[in-house]
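Structural description and commentary
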Amino acid sequence: RLAQACDQGIAALLVDLKLSGLVGLAPLRSFMKRCLRLGRALPIHRAATGVDHIFTFHAAFVGQPGTGKTVCAQLLADLLFEAGLIKRRKAVVVGARQLVGQYVGKTDPLVRATVAQAVGGVLFIDEAYMLATSRDSRDYGREAVATLIELMEKHRGELVVIFAGYETDIKQLLASNPGLRSRVPRENIVKFPEFDTTEAYEALCEMAAKSKVNVHPLCRHIWSDLAVLHQMPTTGREVRNLFDGLLAGPSAMRTGVDRCALRIEPSDFAEIKLRRRQSTRELSAKKMAMPTDDEVN
């Protein structure tokens, strides 16, 4: 039991180190820890029984654009490689439409060539739901899926395929083909949730730390105050855009004048344009529509 606990602790530590700097990814951490635990168990099982059990790690990464799915595909490739579960530290990233030809006979070779590049590592298919959403007879997405399933079976144990996109659409894609659904179990559907207000600020601070940009402690309070009336960033991409906007404002001006390092001050947030919360707009509209005392009288 102690050895088992140690193994689980090591798995947790390795995953946490791999995901350090990434905020709000509890489902991914859980998935990666399961992969790592199995990676440590399979060689022991093989040594004890002589049976080399082949396990597949095909998965679906679901969530809004900008939540870190593509970045985490490479992190998963790194982890599986370090655990000895794949032979190459490589993630081939393609869009769904890159697997679909425009003419008869073009799709199958495209899929086979792409898979050949990824064998031994990870194949990440972004916007994968597009492979099964069109009803156009000239759309060969379903042919691409059929070829993928064939190659996933042929390279079982040598290839990890990750289907990525919006949760509802990815579930529809998996449900559209029994062969696909059986190769991506529900436990391997990994959600990439949007940030809450606190997580978004933590992500901003992580970005600042990596860029060695100082963030004034009072900025946290400004962030909380803004969140009461405004829609704050909910994805890593949105936080990145806001971070870049902060640096390009007064921070860049201070740096140019004072010859100092970039830093973010509470006053810098006055330069950032944020959308007002809908409920706040409605409340303001109601207040404007309320009759005055003179009108009542």
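Keep in mind the model is a prediction, meaning the values are calculated, not measured.

Some words on the sheet that holds strand β3 (residues 122-126)
Here 5 strands make up an open sheet; going across it, the order is β2-β3-β4-β1-β5 and the pairing parallel. If you trace the sheet from one side to the other, it starts and ends with β2 (91-95) and β5 (189-192), each paired once. Strand after strand, the sheet turns through a mean of 20 degrees between neighbouring axes, direction not considered. The pairing of strand β1 (residues 59-63) with strand β4 (residues 160-165) spans 4 bridges and is parallel. Residue pairing for β4: A60 is matched across the bridge by F163.

Quick look at the pattern of salt bridges
As a working rule, side chains carrying opposite charge can pair if their charged atoms are close by. Within this structure, the stated rule accounts for 9 salt bridges. For K191, the salt bridge goes to E167, with nearest N and O atoms at 3.4 Å. Linking K191 in strand β5 with E167 in helix α6 (residues 167-175), this pair joins segments that are 24 residues apart in sequence. On the basis of relative accessible area, E167 is assigned to the partly exposed category, the value being 28%. Its salt-bridge partner being R254, residue D268 comes within 2.9 Å of it at the nearest N-O pair. Of the two residues, D268 sits in the loop between β8 (263-264) and β9 (275-276) while R254 sits in helix α10 (residues 236-258), which places them 14 residues apart along the sequence. With a relative accessible area of 16%, R254 lands in the buried category. It is possible to trace a salt-bridge network through shared partners that takes in D78, E82 and R89.

Reading the values: rules and limits
Residues numbered from 1 in each chain as written. Predicted model: local features only at pLDDT ≥ 70, side-chain atom pairs only at ≥ 80, totals over all residues. Heavy atoms only, no water. Pairing = 2+ DSSP bridges. Helix = DSSP H or I, 4+ residues; strand = E, 2+ residues; numbered from the N terminus. Axes fitted to C-alpha atoms, helices over the stretch in contact; angles between N-to-C directions. Salt bridge = Lys/Arg side-chain N within 4 Å of Asp/Glu carboxyl O. Buried < 20%, exposed > 50% of the residue type's maximum accessible area, 1.4 Å probe, protein only.

Any functional reading would require information beyond the geometric quantities listed.
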